[in-house]
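Spelled out, the chains give:
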Amino acid sequence: MPRGRKSKLRTRERRCQAQSGTQGLTGAQATAAEEEAASSSCPSLGVTTRRKPGAKSRSTRKSPQRALATTTNPAGVSPARSNKGAKGQMKKKHSSSQAPVSAVRSRKGPLRRTASVLVQFLVHMYKMKKPVRKAHMLKFIAKKYQNQFPEILRRASFSMEMLFGVDLKEVDRTKHTYTFVSKMALPNDGTMSRGSGLPKTGLLMYILAVILMKGNCATEENIWEFLNKMRVYAGKRHFIFGEPKKLITQDWVKLKYLEYRQVANSDPACYEFLWGPRAHAETSKMKVLEFLAKVNHTVPSAFQSWYEEALKDEEERAQASGCSSVLSSSSHTESEANSALCG
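Residues numbered from 1 in each chain as written. Predicted model: local features only at pLDDT ≥ 70, side-chain atom pairs only at ≥ 80, totals over all residues. Heavy atoms only, no water.

The name recorded for the protein chain in an unreviewed UniProt entry is Melanoma-associated antigen B3-like, from Tursiops truncatus.

**Describing the nonpolar core**
Counting residues in hydrophobic clusters, the biggest one holds 71 residues, and the most contacted among them are L122, M137, F164, F180, L227, W252 and L258. The element best represented in this core is helix α8 (residues 201-213), accounting for eleven residues. Inspection of this core shows a minimum of three residues originating in each of domain 1 (108-182) and domain 2 (189-318). Beyond its immediate chain neighbours, meaning those up to four positions away, L227 contacts L203, V232 and I248. (Core = buried A, V, L, I, M, F, W, Y, C linked by side-chain atoms within 4.5 Å. Buried < 20%, exposed > 50% of the residue type's maximum accessible area, 1.4 Å probe, protein only. Helix = DSSP H or I, 4+ residues; strand = E, 2+ residues; numbered from the N terminus. Domains from an automatic or database assignment. Contact = heavy atoms within 4.5 Å.)

**With respect to the packing of aromatic side chains**
Aromatic ring pairs: the centre-centre distance and the angle between the two ring planes describe each pair. Taken as a whole, this structure holds seven aromatic pairs when the rule is applied. On the numbers, 4.5 Å between centres and 35° between planes, the contact of F121 with F140 is tilted. In this pair, F121 sits in helix α5 (residues 110-127) while F140 sits in the loop between α6 (134-138) and α7 (149-164), placing the two residues 19 residues apart along the sequence. Where Y260 meets F273, the ring centres are 4.8 Å apart and the plane angle is 35°; that geometry is what we call tilted. On the criterion of sequence distance, the pair formed by Y260 in strand β5 (residues 258-262) and F273 in strand β6 (residues 271-275) is long-range, its members being 13 residues apart. Taken together through their ring pairs, the aromatic side chains of Y206, F226 and F291 make up a single cluster. (Phe/Tyr/Trp six-rings, centres within 6.5 Å; stacked < 30°, edge-to-face > 60°.)

**What to know about the pattern of salt bridges**
One pass over the structure, following the stated rule, counts twelve salt bridges. The salt bridge involving E161 is made with K183; its shortest N-O contact spans 3.0 Å. Here the residue E161 occupies a position in helix α7, and K183 occupies one in the loop between β3 (177-182) and α8, the gap between them amounting to 22 residues. Two residues, R261 and E259, come together in a salt bridge whose shortest N-O distance is 3.8 Å. In this structure E259 comes out as partly exposed when scored by relative accessible area, which is 33%. One continuous salt-bridge network, built from bridges that share partners, spans E161, D167, K183 and K294. (Salt bridge = Lys/Arg side-chain N within 4 Å of Asp/Glu carboxyl O.)

**A short note on the packing of α8 against helix α10 (residues 244-254)**
Between α8 and α10, the least distance of the axes is 12 Å, while the angle of their chain directions is 95°. What the angle tells us is that α8 and α10 run roughly perpendicular. Across the interface between the two elements, L203, L204 and I207 from α8 touch L247, I248 and W252 from α10. Residues of the contact of α8 with α10, tallied by class, amount to six nonpolar, no polar and no charged. (Axes fitted to C-alpha atoms, helices over the stretch in contact; angles between N-to-C directions. Parallel < 35°, antiparallel > 145°, perpendicular 65-115°, else oblique. Nonpolar A, V, L, I, M, F, W, Y, C, P; charged D, E, K, R; others polar.)

**Thoughts on the sheet that holds strand β4 (residues 218-219)**
Within the open sheet, the three strands sit side by side as β4-β6-β5. Their pairing is antiparallel. At either end of the open sheet lies a strand with only one pairing partner, and these are β4 and β5. Pairing of β5 with β6 involves five bridges; the strand directions are antiparallel. Paired with E259 across the strands is L274, a residue of β6. This element, α8, spans β4, β5 and β6 of the sheet and lies at about 105° to β6. (Pairing = 2+ DSSP bridges.)

Shown next as structure tokens:
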């Protein structure tokens with residue numbers, strides 16, 4: 001095959017992967033707290049992977065329309081509705097500090113409804129900066145479903161990770177104690193002002209993933225096209241993310257998680273996003289790719305071209321870290337030598 005044609009085919013394949021990847025991102029976040037996203041039998045969220053010839057595919061690609069038709073907002077979280085059962089208990093136990101997230105809407109399934117209520121409690125405890133025990137969580141689960149606690153916790157944990165970018169880690173297996181670990185160290189839940197907002201790390205991870213898939217530089221149009229599929233619009237306040245345009249183009253730029261610059265020679269002026277220095281310091285292409293793979297229920301190597309890029313980035317980071325250690329050691333040795341001479 002001629003080299004020029006081969007290059008075009010490779011570029012086209014990468015573009016198709018980028019499109020399917022972003023579709024998977026929006027589809028997964030839209031159903032993060034729902035049974036489809038938590039069960040192993042859920043349909044694929046648009047991952048383009050390489051398979052052996054003749055191998056049967058167990059997944060079905062999800063179109064953007066189908067992915068977005070599942071609900072009207074990320075993870076089905078409703079700003080107004082409430083679940084009377086467990087939330088009533090929560091009011092009694094936390095009369096001075098109500099849980100910050102309203103109940104996640106559920107169209108079917110008691111486990112899904114129970115997991116959604118558990119998400120409320122977990123976010124509340126995350127904001128209180130307190131660990132949580134299994135005994136605490138069981139208080140929000142009806143007795144007839146407590147034997148299914150592992151599955152309920154798995155669904156709630158998946159929602160916490162996909163929507164808020166917060167991992168739930170077990171730190172004491174004897175007492176079944178869990179703590180929260182944010183994927184990035186966003187101050188004040190990702191805004192410049194202090195307040196009681198909800199964690200926004202999940203949204204930042206999605207944006208970093210879009211930038212990665214667009215060749216490490218995404219136009220503002222690319223970003224808003226993706227966010228609009230999540231029902232997040234510029235100038236329209238979101239009940240989780242606040243005013244998204246200010247958050248993305250001002251707050252996260254000032255915090256150096258994103259770089260926002262004018263496209264060279266653009267008239268009228270167009271803008272683009274890149275990873276900021278703080279994003280490079282606190283995460284990596286491999287970590288973002290792992291997040292993207294989890295969203296799509298696959299493995300990082302399924303995204304071949306990005307996986308190779310992420311591996312190269314890991315090698316460069318390791319080399320830079322090694323050089324830094326050598327320089328530090330050399331400086332320390334030289335200092336000791338000088339001290340000996342002076343002595």
